[in-house]
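# Structural features, examined
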Amino acid sequence: MNRINQLFKDNPQNLLSIYFCAGCPTLDGTADVIRTLQDNGVDMIEIGIPFSDPMADGIVIQEAATRALRNGMSLRLLFSQLKDIRRDVHIPLILMGYLNPIMHYGFEAFCKQCQACGIDGVIIPDLPFRDYEKAYKKTTETYGLRVIMLITPETEETRVREIDAHTDGFIYMVSSAATTGAQHDFNAQKQAYFKRIADMRLHNPRMVGFGISNRQTFEAACAHASGAIIGSRFVTLLNEAEGDAQKAIRQLKAEIN
């Protein structure tokens, strides 16, 4: 069974997924960050592929991507850093990146390399659902990859149900129709959106991302979904700790617990 599916089967509540950008703050820290996050009880990890125009991301992750690219990070180098990661990492690993560098690498070659490294799924924010179904789904299934689709408060119910019916793994619930970035709390409108989706009784589990940075937002996400995805806040803490992932994740867990 794919590790993503196994995770939600075994631990359906209060899951913590962490995003970080490969190559930031240091070029060679990717594997160490992954192992440290696992050792500190993180349930799932999103490894960001740096890109020059990350349209769904706020300033924190934009700057992380820029720093990573200046450090010399590339998709080819990232795969080389991940080639032995499954020797001691057992939690689900997801690559999160935009279509341009993936297509430059070659989509099938990308999927094949993901399988070789033990990557369980991918998130490609600028891959339209229709294009995924028509042109890419067969390839990702061939290599055992779960393609995680994003929904927002503006996504119509028919599209949500269509995504639910034709994907596997989990649905990424974007907390608002905005870019990534830490927020102090979720207002009534956002919480109503969480509840509306929960009440749809979808086949796939859901994770909430964008804006989660403290106890209030983490608990609100977990109340209506299987857990939360934290990116910008962890990236900030990792930068402040100069790449010390142990210090960064301990600080983050103190903030959300």
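The paragraphs below set out a description of the structure included in this document.

Scoring rules and cut-offs
Once a new chain begins, its residue numbering starts again from 1 and follows that chain's sequence as written. Where totals are concerned, whole chains, interfaces and linings use all residues; where local detail is concerned, this predicted model gives features only for residues with pLDDT of at least 70, and gives and counts side-chain atom pairs only at 80 or more. Hydrogens are left out, water is left out, and the side-chain values use all remaining heavy atoms of the structure. By convention a nonpolar core is built from buried Ala, Val, Leu, Ile, Met, Phe, Trp, Tyr and Cys residues, the set being connected through side-chain atoms within 4.5 Å. With a 1.4 Å probe rolled over the protein chains alone, any residue whose accessible area is under 20% of its type maximum counts as buried; one over 50% counts as exposed, and the rest are partly exposed. Only DSSP runs of H or I reaching four residues or more are called helices, and only runs of E reaching two or more are called strands; each is numbered from the N terminus. The criterion used for residue contact is that any of the two residues' heavy atoms lie within 4.5 Å. Only strands joined by at least two bridges in the DSSP assignment are considered to pair. If the strands point away from the viewer and the path from the first strand over the helix to the second runs clockwise, then the crossover is right-handed. Two N or O atoms count as a polar contact when they lie within 3.5 Å, although within protein this holds only if one can serve as hydrogen donor and the other as acceptor, and sequence-adjacent residues are included solely when both atoms are side-chain atoms. Any Lys or Arg side-chain nitrogen located within 4 Å of an Asp or Glu carboxyl oxygen qualifies as a salt bridge. Orientation is described by lines fitted to C-alpha atoms, with helices fitted over the stretch in contact, and by angles between N-to-C directions that extend from 0 to 180 degrees. Throughout this description, any angle smaller than 35 degrees is read as roughly parallel, any larger than 145 degrees as roughly antiparallel, any in the 65 to 115 degree range as roughly perpendicular, and the remainder as oblique. We call a crossing left-handed when the near helix sits turned anticlockwise from the far one by less than a right angle, and right-handed when that turn is clockwise. Put simply, two rings from Phe, Tyr or Trp (the six-membered ring, in Trp's case) pair if the centres are within 6.5 Å, and we call them stacked under 30 degrees between planes, edge-to-face over 60, tilted for the rest.

In terms of nonpolar packing, the biggest core is built from 95 residues, with I47, L95, F110, F170 and F234 touching the most fellow members. Ranked by the residues each element gives to this core, the list is headed by strand β1 (residues 15–21), at six residues. Leave out the neighbours within four places in its chain, and F234 touches I18, Y19, F20, V33, L37, A245, A248, I249 and L252.

Attention now goes to unusual backbone geometry. The residue after C24, namely P25, is reached through a cis peptide bond having omega 5 degrees. In the Ramachandran plot, R201 falls in the positive-phi region, its phi being about 55 degrees despite a non-glycine side chain. Position of R201 among the secondary structure elements: in the loop between α9 (188–198) and β8 (206–209). Residue E242 is not a glycine yet carries a positive backbone phi of 55 degrees. Structurally, E242 is set in the loop between α11 (232–240) and α12 (245–256). Residue class for E242 comes out exposed when judged on its relative accessible area of 70%.

Before going further, it helps to spend a moment on the pairing of β8. The side chains of a regular strand alternate between both faces of the sheet. Neither face of β8 is exposed, since R206 and V208 on one face and M207 and G209 on the opposite face are all buried. As paired strands, strand β7 (residues 171–174) and β8 are joined by four bridges and run parallel to one another. The residue bridging Y172 from the neighbouring strand is M207, located in β8. Where β8 lies against strand β9 (residues 227–230), two bridges are found, and the strand directions are parallel. Within the sheet, the bridge partner assigned to V208 lies in β9 and is A228. Once the chain exits β8 it traverses helix α10 (residues 215–224) before rejoining the sheet at β9, and the crossover so formed is right-handed.

Every buried residue of α10 is listed here: T217, F218, A220, A221, C222 and H224. Looking at the buried residues of α10, the elements they touch are β1, α9, β8, β9 and α12. Put simply, N214 is the residue that caps the front of α10, since its side-chain oxygen is 3.3 Å from the backbone nitrogen of Q216.

Now for the pattern of salt bridges. Summed over the entire model, instances satisfying the criterion amount to eleven salt bridges. One salt bridge in this structure joins R35 and D88, with 2.9 Å as the shortest N-O distance. With R35 in helix α2 (residues 30–39) and D88 in the loop between α4 (75–82) and β3 (93–96), this residue pair connects regions lying 53 residues apart in the sequence. R35 sits in the partly exposed class, given a relative accessible area of 28%. One salt bridge connects R87 with D84, and the closest N-O pair in it is separated by 3.7 Å. With relative accessibility at 72%, the residue R87 sits in the exposed group. Relative accessible area serves as the criterion here: at 30%, D84 is assigned to the partly exposed category. Among the ionic contacts, a cluster of salt bridges with common partners joins R130, E133, R159 and E162.

Time to look at the packing of α11 against α12. Look at α11 against α12: their axes get within 8 Å of each other, and the N-to-C directions meet at 135 degrees. Between α11 and α12, the angle is such that the two are oblique. Judged by the sense of rotation from one axis to the other, the crossing of α11 with α12 is right-handed. The segment α11 lies against α12, with R233, F234, L237 and L238 engaging A245, A248, I249, Q251, L252 and E255.

As enumerated under the stated definition, the model contains nine aromatic pairs in all. Ring plane angle 50 degrees and centroid distance 4.5 Å describe the contact between F107 and Y136, whose orientation is recorded as tilted. With a gap of 29 residues between them, F107 in helix α6 (residues 107–117) and Y136 in helix α7 (residues 129–142) connect regions that are remote in the sequence. Per residue, the accessibility class of F107 equals that of Y136, and both read buried. Through a chain of ring-to-ring contacts, the aromatic side chains of F79, Y105, F107, F110 and Y136 assemble into a single cluster.

The next thing to look at is the environment of S226. As for its placement among the helices and strands, S226 is situated in the loop between α10 and β9. Residue class for S226 comes out buried when judged on its relative accessible area of 9%. Through-space distance from the C-alpha of S226 to that of R206 is 5.7 Å; in sequence the pair is 20 residues apart. In this structure, S226 is in contact with F8, P12, Q13, N14, L15, P205, R206 and M207, ignoring residues within four places of it in sequence.

Any functional reading would require information that these geometric values do not contain.
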